[in-house]
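# Structural characterization, general
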Protein chains: 2
Amino acid sequence: MDDRLSRVFSALADPIRRDMVARLAVGDATVNELAEPYAVTVQAVSKHLKVLEDAGLVSRSKQAQRRPVHLEAEVFDLMTKWIERYRLEAEQRYQRLDAVLAEMAVGEPDQAKTRSEGEAS
Amino acid sequence: MDDRLSRVFSALADPIRRDMVARLAVGDATVNELAEPYAVTVQAVSKHLKVLEDAGLVSRSKQAQRRPVHLEAEVFDLMTKWIERYRLEAEQRYQRLDAVLAEMAVGEPDQAKTRSEGEAS
DNA sequence: AGCGAAGTCAACCAAAAAGTTGAACACGCA
DNA sequence: TGCGTGTTCAACTTTTTGGTTGACTTCGCT
């Protein structure tokens, strides 16, 4: 887990961290406020925040002795770009496959294709 | 890590698994084909596939003694929905904030609002 | 009937993650 | 000046993860 995308996905793999992101979408909050709903210590929440921060999902400014946590929504783009890219590729492939199947339906129906069998597609 | 979304995010937190998804977007593949580029055993790849399968990202049909792996792109929707929801919430919040700031600029500039300080908003 | 290829299962290991407790640090305030 | 609050740091434990090796199953092929 070294690259950015891995850190982002990994950060959001935890329900508590996802819930914290959900709450931060509504407004900044302090560590104690964030910790309050969960059945874990505030130290554990502090660690969760570090994970989110390392992933670039969150930033912490210091204001007196409290550190308001702020959601950095731009990182979401990184994920959506990755997801959309492969979703699209897969969808386009289905369209091509449909075209091929349609072609086969009108053409000859037995294209056994028992060659080397090595590659996918 | 029990719910669906956690499993999906967690599955994609690993670079090898993300790469496998990327390759499967282009076409189905067998376990050995998938394993080939990586410096790990085929057993390890089999485990990775189990993780992807448990997340619903991939399905395996059995065809003779090989099990072609197939990408299930629908699961991506689950993620994008989650992501978009909070991205939008955060963005709308900024717009509201901008509106408030603009209002304050023309109106009275000292709306101290030092009440309970309890909630984030 | 039996070899060989493709996958999986089981047991194990090391490293990382998620949690704990306890101590320390950094302020504001009386 | 020193107490209290908010947060982090450090050390430790337990669970999960990603990897290994070795044995086993399933099938096609000759």
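Residues numbered from 1 in each chain as written. Chains lettered and ligands numbered in written order. Predicted model: local features only at pLDDT ≥ 70, side-chain atom pairs only at ≥ 80, totals over all residues. Heavy atoms only, no water.

### Some thoughts on the overall build of chain A
Helix and strand counts for chain A come out as five helices and two strands. Each helix and strand of chain A, ordered N terminal to C terminal, gives the series α-α-α-α-β-β-α. Carbon and sulfur atoms make up 52% of the accessible area of chain A, which amounts to about 7,200 Å² in all. (Helix = DSSP H or I, 4+ residues; strand = E, 2+ residues; numbered from the N terminus. Areas by Shrake-Rupley, 256 points an atom, 1.4 Å probe, with all protein chains shown as cover.)

### A word on the relation of the copies chain B and chain A
The transformation that overlays chain B on chain A combines an axial shift of 0.0 Å with a rotation of 180 degrees, and the residual RMSD is 0.1 Å. The transformation just described matches what one would write down for a two-fold rotation axis. When the interface residues of chain B are mapped onto chain A, 93% of them again lie at the interface, so the same face is used by both copies. (Least-squares fit on C-alpha atoms with pLDDT ≥ 70 in both. Contact = heavy atoms within 4.5 Å.)

### What about the protein's contact with DNA strand C?
Looking at DNA strand C, there are 23 residues lining it, with Lys47(A), His48(A), Asn32(B), Ser46(B) and Arg60(B) nearest. Sugar and phosphate atoms represent 67% of those atoms of DNA strand C found within 4 Å of the protein. Here a base oxygen of DNA strand C sits 2.9 Å away from a polar atom, N or O, in the side chain of Gln43(A). Val31(B) places a polar main-chain atom, nitrogen or oxygen, 3.2 Å from a phosphate oxygen of DNA strand C. For the surface near DNA strand C, the secondary-structure elements that each account for two or more residues are helix 4 (42-54) of chain A together with helix 3 (31-35) and helix 4 (42-54) of chain B. For the surface near DNA strand C, the leading source of residues is helix 4 of chain A, giving four residues. (Near = heavy atom within 4 Å. Polar contact = N/O pair within 3.5 Å; in protein donor to acceptor, adjacent residues only side chain to side chain.)

### Considerations on the interface of chain B and chain A
With 41 residues of chain B at the contact, the number on the chain A side is 39 residues. Taken together, the two surfaces of chain B and chain A that pack against each other cover about 3,500 Å², and 60% of this comes from carbon and sulfur. Our enumeration of links across chain B and chain A arrives at four salt bridges. Across the pair Asp77(B) and Arg87(A) runs a salt bridge, and its minimum N-O distance is 2.0 Å. At the boundary of chain B with chain A, the tally comes to nine residue pairs in polar contact (both at pLDDT 80 or more). Those elements that place two or more of their residues in the side of chain B that touches chain A are helix 1 (4-12), helix 2 (15-24), strand 2 (69-71) and helix 5 (75-106) of chain B. Broken down by element, the side of chain B that touches chain A gets its largest block of residues, 13 residues, from helix 5 of chain B. Of the residues that constitute the side of chain B that touches chain A, the class distribution is 22 nonpolar, eight polar and 11 charged. (Buried area = accessible area lost by both parts, 1.4 Å probe. Salt bridge = Lys/Arg side-chain N within 4 Å of Asp/Glu carboxyl O. Nonpolar A, V, L, I, M, F, W, Y, C, P; charged D, E, K, R; others polar.)

### Considering the protein's contact with DNA strand D
Lining the immediate environment of DNA strand D, one finds 23 residues, of which Asn32(A), Ser46(A), Thr41(B), Lys47(B) and His48(B) sit closest. At the protein interface, 62% of the atoms of DNA strand D within 4 Å belong to sugar or phosphate. Asn32(A) places a side-chain nitrogen or oxygen 2.6 Å from a phosphate oxygen of DNA strand D. A distance of 2.6 Å is found between a phosphate oxygen of DNA strand D and a side-chain nitrogen or oxygen belonging to Arg60(A). Contributing elements (two or more residues each) for the surface near DNA strand D: helix 3 (31-35) and helix 4 of chain A together with helix 2 and helix 4 of chain B.

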